Amino acid sequence: MAEDSTALDMNNSTKQALESRALAPRFYTTDCDEIGRYDIDPVREEWDAMMAAFELDINREHFKQNYDFDPETLEADPELKAEFLDLLVSSITAEYSGCVLYQEIESKVGDPEIARLFRYMARDESRHAGFINRALKKLGVAVDLSVLKRDKEYTYFRPKFIFYATYLSEKIGYARYITIYRHLERHPERRFHPIFKWFLEWCNDEFAHGEAFALLMRANPKLLRGYNKLFIRMFLVLVYTTMYVRDHSRPKLYEAFGMDVTEFDHTVFDITTEISKQVFPMTLNTRDPKFQRGLERLLDLNIRVDGLQGVSGVGATLKRLSLQVGIGTTILRLFLLPTIPNEMPKQVAMQPAW
Ligand SMILES: [Fe+2]
Ligand SMILES: [Fe+2]
């Protein structure tokens, strides 16, 4: 009986990871030949230092360590457990999405040096996904990664879009993990699961991955000029707003951390914005009250869309449509808010400065 229910749960978490909801992490595919034509020579010295650091692999042993955890401790708070599982499943989908994409680029890119970089990054993401899956397994709900790789819907993105989106998600990943880690360091009584103890080395991996994308973009500056600036701005808005809406759907989780979720998101925006000055030609003014009002409006519209889930009929369809138009308009308004121009760039670093 116990085995049956575990099998059912495994299917459910795999099913959840497979879902293609608007805000759920996606799997991507791209034009690897084009990435193979990117230039490295303009940043040769930094490239060699970066590759040496990846080769050194200082976090090799980190994700092999084990820990004890009694799943019963989460049973007392089913809502927190549900949100924590949702976080783990969404995180493993994102980590594994990176792994699959980097593996694909490694195998098809043509250029052996770029292939080697993506092999290192796929190695790290595979470790991260594996580590989350061990946590899920202890809770009886592991995700079947081979099913995910086979059955998940893949979205094609042009290489430059992959670079903008992945660079941002690596840096946001860093900012999120370090902010949670530092907070729980100050409030260890709030650390309700041991996985958070792993976040320091983990975030350094994500930081280094972001540096790799930053370096490749700086070596190929056409990616950062002209009308590409509009795409960068759009990706900034999309990635930031997605994170905001997703985090606000997990209130119990942040309550358990003893964090204000809105302040947490703004701290993550601040850190990411500061880092992204190394490469992006502009930053968003996320502390502008107009930006905040847009975020709140988006949140409200998304909650209303979710409320219509499973409701059928013409009325619900029209309502859904009008809410979607509202979401689109709000995102457009955020996109049109004035940005802060940035004179580039800063030196690439394998370890974060804070
Ligand atoms: Fe990762
Ligand atoms: Fe990463």
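The preceding data block contains the structure.
Below: a short report on this structure. Everything numeric in this text was worked out from a predicted model, so none of it was measured. (Residues numbered from 1 in each chain as written. Chains lettered and ligands numbered in written order. Predicted model: local features only at pLDDT ≥ 70, side-chain atom pairs only at ≥ 80, totals over all residues.)

### A few points about the overall build of the protein
Working step 1: Secondary structure summary: the protein contains 14 helices and 4 strands in total.
Working step 2: Computed over its C-alpha atoms, the radius of gyration of the protein comes to 20 Å, within 12% of the 20 Å expected for a compact globule of 354 residues.
Working step 3: Of all 354 residues assigned to the protein, the portion counted as buried reaches 34%. (Helix = DSSP H or I, 4+ residues; strand = E, 2+ residues; numbered from the N terminus. Rg over C-alpha atoms; globule rule 2.2 N^0.38 Å. Buried ≥ 20, exposed ≤ 12 C-beta atoms within 10 Å, placed from the backbone.)

### Notes on the packing of helix α8 (residues 159-186) against helix α12 (residues 261-276)
Working step 1: Following both chains from N to C, one finds α8 and α12 inclined at 130°, their axes separated by 9 Å at the closest point. It follows that α8 is oblique to α12 by the angle criterion. Two packed elements cross with a definite hand, and for α8 against α12 that hand is right-handed. Of the residues in α12, those in contact with Lys171, Ile172, Ala175, Arg176 and Thr179 of α8 are Phe264, Thr267, Val268, Ile271, Thr272, Ile275 and Ser276.
Working step 2: Of the residues in the contact of α8 with α12, the class split is 6 nonpolar, 4 polar and 2 charged. (Axes fitted to C-alpha atoms, helices over the stretch in contact; angles between N-to-C directions. Parallel < 35°, antiparallel > 145°, perpendicular 65-115°, else oblique. Left-handed = near helix turned anticlockwise from the far one by under 90°. Contact = placed C-beta atoms within 7 Å. Nonpolar A, V, L, I, M, F, W, Y, C, P; charged D, E, K, R; others polar.)

### Side note on the packing of helix α5 (residues 78-108) against helix α6 (residues 112-138)
Working step 1: As a packed pair, α5 and α6 sit with axes 8 Å apart at the nearest point and diverge in direction by 155°. As far as their axial angle goes, α6 and α5 are roughly antiparallel. Crossing angle aside, the handedness with which α5 passes α6 is left-handed.
Working step 2: Residues belonging to the contact of α5 with α6 are distributed by class as follows: 14 nonpolar, 6 polar and 4 charged.

### Considerations on the nonpolar core
Working step 1: Ile92, Phe118, Ala212 and Met217 are the most contacted members of the largest nonpolar core, which totals 74 residues.
Working step 2: Apart from the residues within four sequence positions on either side, Met217 is in contact with Phe163, Tyr167, Leu223, Leu224 and Val279. (Core = buried A, V, L, I, M, F, W, Y, C linked by C-beta atoms within 7 Å.)

### Comments concerning unusual backbone geometry
Working step 1: One non-glycine residue, Asp57, adopts positive backbone phi at about 55°.
Working step 2: One can find Asp57 in the loop between α3 (44-56) and α4 (72-75).
Working step 3: A residue is classified by how many C-beta atoms lie within 10 Å of it, and Asp57, with 13 of them, is partly exposed.

### Some words on the environment of Asp260
Working step 1: Tracing the backbone shows Asp260 in the loop between α11 (251-257) and α12.
Working step 2: Here the alpha-carbon distance between Asp260 and His248, two residues 12 residues apart in the chain, equals 10.0 Å.

### Observations concerning the environment of Ile132
Working step 1: The topology assignment puts Ile132 in helix α6.
Working step 2: Sequence separation between Ile132 and Asp41 is 91 residues; the distance between their C-alpha atoms is 37 Å.
Working step 3: When residues no more than four places from it in sequence are discounted, the contact partners of Ile132 are Leu88, Ser91, Ile92 and Glu95.

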